[in-house]
Amino acid sequence: MAPALEEFQARIDREERIEPQDWMPEGYRRTLVRQISQHAHSEVIGMQPEGGWISQAPSLERKVILLAKVQDEGGHGLYLYGAAETLGVSRDEMIDAMHTGKAKYSSIFNYPALTWGDVGAIGWLVDSAAIVNQVPLQRCSYGPYARAMMRICKEESFHQRQGYDIMLALARGSAAQREMAQDALNRWWWPTLMMFGPPDADSIHSSQSFAWKIKRYGNDELRQKFIDQAVPQAEVLGLKIPDDDLQWDAATGHYRIGAIDWDEFQQVVSGNGPCSRQRLAHHRQVQEDGAWVREAVAAHAAKHQAGGDGLKADAHNPASAQEGGADAAV
Amino acid sequence: MPLFEVFVRSRRGLDHQHVGSLRADDAEMALLYAREIYTRRREGISIWVVRSADVTASQEEDAPAFFEPAADKPFRDATYYALPKEVKNL
Ligand SMILES: [Fe+2]
Ligand SMILES: [Fe+2]
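Here the residue numbering is sequential within each chain, running from 1 through the sequence in written order. Here every chain gets a letter starting at A, and every ligand a number starting at 1, in the order they are written. For this predicted model, a pLDDT threshold of at least 70 governs which residues receive local features, and a threshold of 80 or more governs which side-chain atom pairs are given and counted, while totals over whole chains, interfaces and linings are taken from all residues. Only heavy atoms go into the side-chain values, all of them from the structure, while hydrogens and water stay out.

**Some thoughts on the overall build of chain B**
Inference 1: For chain B, the count of helices and strands is two helices and three strands.
Inference 2: Helix and strand labels come from DSSP, where a helix needs a run of H or I of at least four residues and a strand needs a run of E of at least two; each type is numbered from the N terminus. Its helices and strands in sequence order give chain B the pattern β-β-α-β-α, from N to C terminus.
Inference 3: Each radius of gyration reported is based on C-alpha atoms, and the globular scaling rule is 2.2 Å times the count of residues to the power 0.38. The C-alpha radius of gyration of chain B comes to 20 Å, more than 25% above the 12 Å expected for a compact globule of 90 residues.
Inference 4: In terms of principal-axis extent, the alpha carbons of chain B reach across some 60 × 35 × 15 Å.
Inference 5: Each residue's exposure class comes from its accessible area (1.4 Å probe, protein chains only) as a fraction of the maximum for that residue type: buried when under 20%, exposed when over 50%, partly exposed otherwise. Burial status across chain B gives 28% buried among its 90 residues.
Inference 6: Should any heavy atoms of two residues lie within 4.5 Å, those residues are considered in contact. Within chain B, residue pairs in contact and separated by at least 24 positions form 42% of the contacts whose partners lie at least 6 positions apart.

Encoded structure:
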């Protein structure tokens, strides 16, 4: 092994983080760009299914809560794009890769949110699954990604709770409300289990990611962790997990589930999910509609630069004001 | 001589943190001075220096406009939602 590569791997083996200025193998950089950008795309595309319900929320309180949640997801996307940008890739390149289908986002967001029950199920199940995935990523070997994950994980628990709170209200409500909650669980359960990705035996990116400590647990292990948490939570709601083969295995201390329909997963991942086209078309449309704003901001900045800095640095910079405002003019 | 703000990363994996400022003729000198002034006791493994004039800061008197909107949104915290006692891992 080349000395640089040896030192890089030794650093990872010592559980030290890799920082942007460090030498890193091209494959490590590429893997991270792919994973972080796809993670960012997922946060942003994930705003769509729930975003559609903001104006239809059943009360003002639910509305401000959902608004805050969707706003958080946009923020998560920005933390992650920022982390990916430390690897030398531009925002435009990343967005373009998503629009051309080269970069994916989580398959879960290609399902429609048909009822208010779905908003509850998404917060409870999808955000719970995201947390199970993201907690180990706080120890990812790449520093900027790990730190972004810490910020994100702190905010996710509100998402999960507000979702469960919606499910709780429906489950304790009228027969029609209970039915709505059950129907949402029926439709979101299996797609949520697919979020963890294909069984480890079929996973293509794994072994190198383990050596690089980008990934620390297998897909199946994380999926199992989620199942073991979610099944008792469904019991408290009095809802039935839509899996006739589901059973508690006392010997292993885990729930056993029936077969996952991986053909469906493949269909959704390859762009044939129920809302795949709609999600991308909407993102593209918003991107195009917002072009004039980006142009106006750029023009404004250019104008200020051309006319000498219009901002008085000392008014905006207490440090230089205290230490001698003359510096500000340098 | 321009003023520089100094940020030190104390350990790999942590963010750079502001530790203070110093004067230097250029960024390269500022780095050297920062090493002498702020990291004599193995305080860090990486230093950033940024021209103070390049820092745009919000002002204390603007704080309400910046931060008050968050004050009446307790629903952004997980603790806002009461859970039945028997619910675990949420
Ligand atoms: Fe998120
Ligand atoms: Fe979330």
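Continuing now.
**Notes on the coordination of the iron ion (ligand 2)**
By definition of the ideal shapes, four donors in a tetrahedron about a metal sit 109.5 degrees apart, and six donors in an octahedron sit 90 or 180 degrees apart.
Residue and element names in this part refer to chain A.
Inference 1: Any nitrogen, oxygen or sulfur atom within 2.8 Å of a metal ion counts as a donor, with the limit raised to 3.2 Å for Na, K and Ca, and since water is left out, coordination shells can look unfinished. Within the protein, the atoms that donate to the iron ion (ligand 2) are E73 (OE), D127 (OD), E156 (OE) and H159 (ND1), at distances of 2.0 to 2.2 Å.
Inference 2: One chain supplies every donor for the iron ion (ligand 2), spaced along it as E-x53-D-x28-E-x2-H.
Inference 3: Here the iron ion (ligand 2) and the iron ion (ligand 1) are spaced 3.3 Å apart, linked through E73, which binds each one. Here D127 lies in helix α6 (residues 116-137) and E73 lies in helix α4 (residues 60-85), a separation of 54 residues in the sequence.

**Concerning the pairing of strand β1 (residues 3-9) of chain B**
A regular strand places its side chains so that they alternate between the two faces of the sheet.
Residues and elements named next belong to chain B.
Inference 1: Burial within β1 is extensive, with six of its seven residues counted as buried.
Inference 2: At least two bridges found by DSSP between two strands is the condition for calling them paired. Bridge count between β1 and strand β2 (residues 17-23): six bridges; the pairing is antiparallel. From the neighbouring strand, F4 faces β2, where its bridge partner is L22.
Inference 3: In this structure, β1 lies alongside strand β3 (residues 46-51), joined through six bridges in antiparallel fashion. Residue pairing for β3: V6 is matched across the bridge by V49.

**Some remarks on the side chain of A:S209**
Inference 1: Positionally, A:S209 belongs in helix α9 (residues 206-211).
Inference 2: You can call A:S209 buried: its relative accessible area is 4%.

**Some thoughts on the pattern of salt bridges**
Inference 1: Between Lys or Arg on one side and Asp or Glu on the other, a salt bridge is scored when a side-chain nitrogen of the former is within 4 Å of a carboxyl oxygen of the latter. A complete count under the given rule lists 25 salt bridges over all chains for this structure.
Inference 2: Across the salt bridge formed by A:E15 and A:R216, the nearest N and O atoms sit 2.8 Å from each other. Here A:R216 lies in the loop between α9 and α10 (219-237) and A:E15 lies in the loop between α1 (3-13) and α2 (26-45), a separation of 201 residues in the sequence.
Inference 3: According to the relative accessible area criterion, A:E15 is partly exposed, its value standing at 35%.
Inference 4: For A:E85, the salt bridge is made with A:R91, and the minimal N-O distance between the two is 3.0 Å.
Inference 5: Judged by relative accessible area, which is 29%, A:E85 ranks as partly exposed.
Inference 6: Here the salt bridges share partners, and the residues they tie into one network are A:E7, A:R11, A:R14, A:E16, A:D22 and B:R12.

Distances and angles like these do not, on their own, reveal function.
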